[in-house]
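Listed below are the residues making up each chain.
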Amino acid sequence: LKPISLGVHWELPGEPPVVTKTSDVFFSGDAFLGTTPRLDGIAELKALAAEGIRIDIPEQRLPRAEYLERMSKAWIAWSPAGYGWDCCRHYEAAAVGTVALINYPTILRDEPFRDGEHCLLYAPEPGELSKAVIEALADKERLERIAAAANRHYRQHHTRRARAERITVTVLGRRLDGTPAMPAQAAAAGRAPRA
């Protein structure tokens, strides 16, 4: 197995809520972790807000339900690296129908979100976040397609159950319910099913 993150530690909606998008970019998180991408990114988002891009950055930590609701109402959720690259926010955005905008990965990923298919990736150099936001917002239909694909990919590969199933198939050749893995599923996991 490639490294598998712990992902989200609570239940997320299975299907994204149907909402009207009221903001362009949402970010809620500690902006001052000492990481350059976060500090520079906040400044870029504030500059975009001054140009009329609808930026939603709460002043304080939100209760989980409000956090997910506000994220769901944005076209894009900015999801920069913090203490590490793989972040709950990537999966939360996919679960609520918002496109995660993530700086390029610094780790080997298992069943990764792919740029332009399940998320949007950007380089951490100055100005690249702003450029990515402006380009993305120019095609809302594309954002809708990416958000839908991300939600399907998240549910198939990154829920707690999906990750647990992946591990049991890889290690035991059986699904969580004890039944043998399908030959193709077991072969993809690197082992033959056991009778």
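Because the structure is a prediction, the values reported are computed rather than measured.

1. Some words on the sheet that holds strand E4 (residues 99-103)
- Taken together, the five strands give an open sheet; going across it, the order is E2-E1-E3-E4-E5, and neighbouring strands pair in parallel fashion. Each edge of the sheet is formed by a strand with only one pairing partner; in this case those strands are strand E2 (55-56) and strand E5 (120-122).
- With three bridges joining them, strand E1 (residues 23-26) and strand E3 (residues 74-78) adopt parallel strand pairing. Note that in E3 the partner of Ser-23 across the bridge is Ala-74.
- Contacting E1, E2 and E3, helix H1 (residues 36-50) crosses the sheet at an angle of about 155° to E3.
- Packing against the sheet, helix H2 (residues 64-72) makes contact with E1, E2 and E3, and its axis sits at approximately 120° to E3.

2. Digging into the pairing of E1
- Both E1 and E2 contribute to a ladder of two bridges, which runs parallel. Residue pairing in the sheet places Val-25 in a bridge with Ile-55 of E2.

3. Quick look at the state of the cysteines
- Scanning the entire structure with this criterion turns up zero disulfides.
- There is no disulfide at Cys-87, and the cysteine sulfur nearest it, in Cys-88, is 6.0 Å away.
- With relative accessibility at 16%, the residue Cys-87 sits in the buried group.
- Accessibility expressed as a relative area gives 22% for Cys-88, which makes it partly exposed.

4. Details of the pattern of salt bridges
- This structure, assessed with the given rule, holds six salt bridges.
- Between Glu-111 and Arg-166 there is a salt bridge, with its nearest N and O atoms 3.5 Å apart. Separated by 55 residues along the polypeptide, Glu-111 in the loop between E4 and E5 and Arg-166 in helix H6 (residues 160-172) bring together distant segments of the chain.
- Shared partners join several salt bridges into a network, and the residues in it are Asp-56, Glu-66 and Arg-70.

5. Some remarks on helix H4 (residues 128-137)
- All buried positions along H4 are accounted for by Leu-129, Ser-130, Ala-132, Val-133, Ala-136 and Leu-137. Relative to the axis of H4, the buried residues are bounded by an arc of 165° and lie together on one face.
- Those residues of H4 that are buried lie in contact with E1, H1, E3, E4, E5 and helix H5 (140-157).

Thresholds, definitions, all that
Residues numbered from 1 in each chain as written. Predicted model: local features only at pLDDT ≥ 70, side-chain atom pairs only at ≥ 80, totals over all residues. Heavy atoms only, no water. Pairing = 2+ DSSP bridges. Helix = DSSP H or I, 4+ residues; strand = E, 2+ residues; numbered from the N terminus. Contact = heavy atoms within 4.5 Å. Axes fitted to C-alpha atoms, helices over the stretch in contact; angles between N-to-C directions. Disulfide = S-S within 2.5 Å. Buried < 20%, exposed > 50% of the residue type's maximum accessible area, 1.4 Å probe, protein only. Salt bridge = Lys/Arg side-chain N within 4 Å of Asp/Glu carboxyl O. Arc of directions from axis to C-beta.

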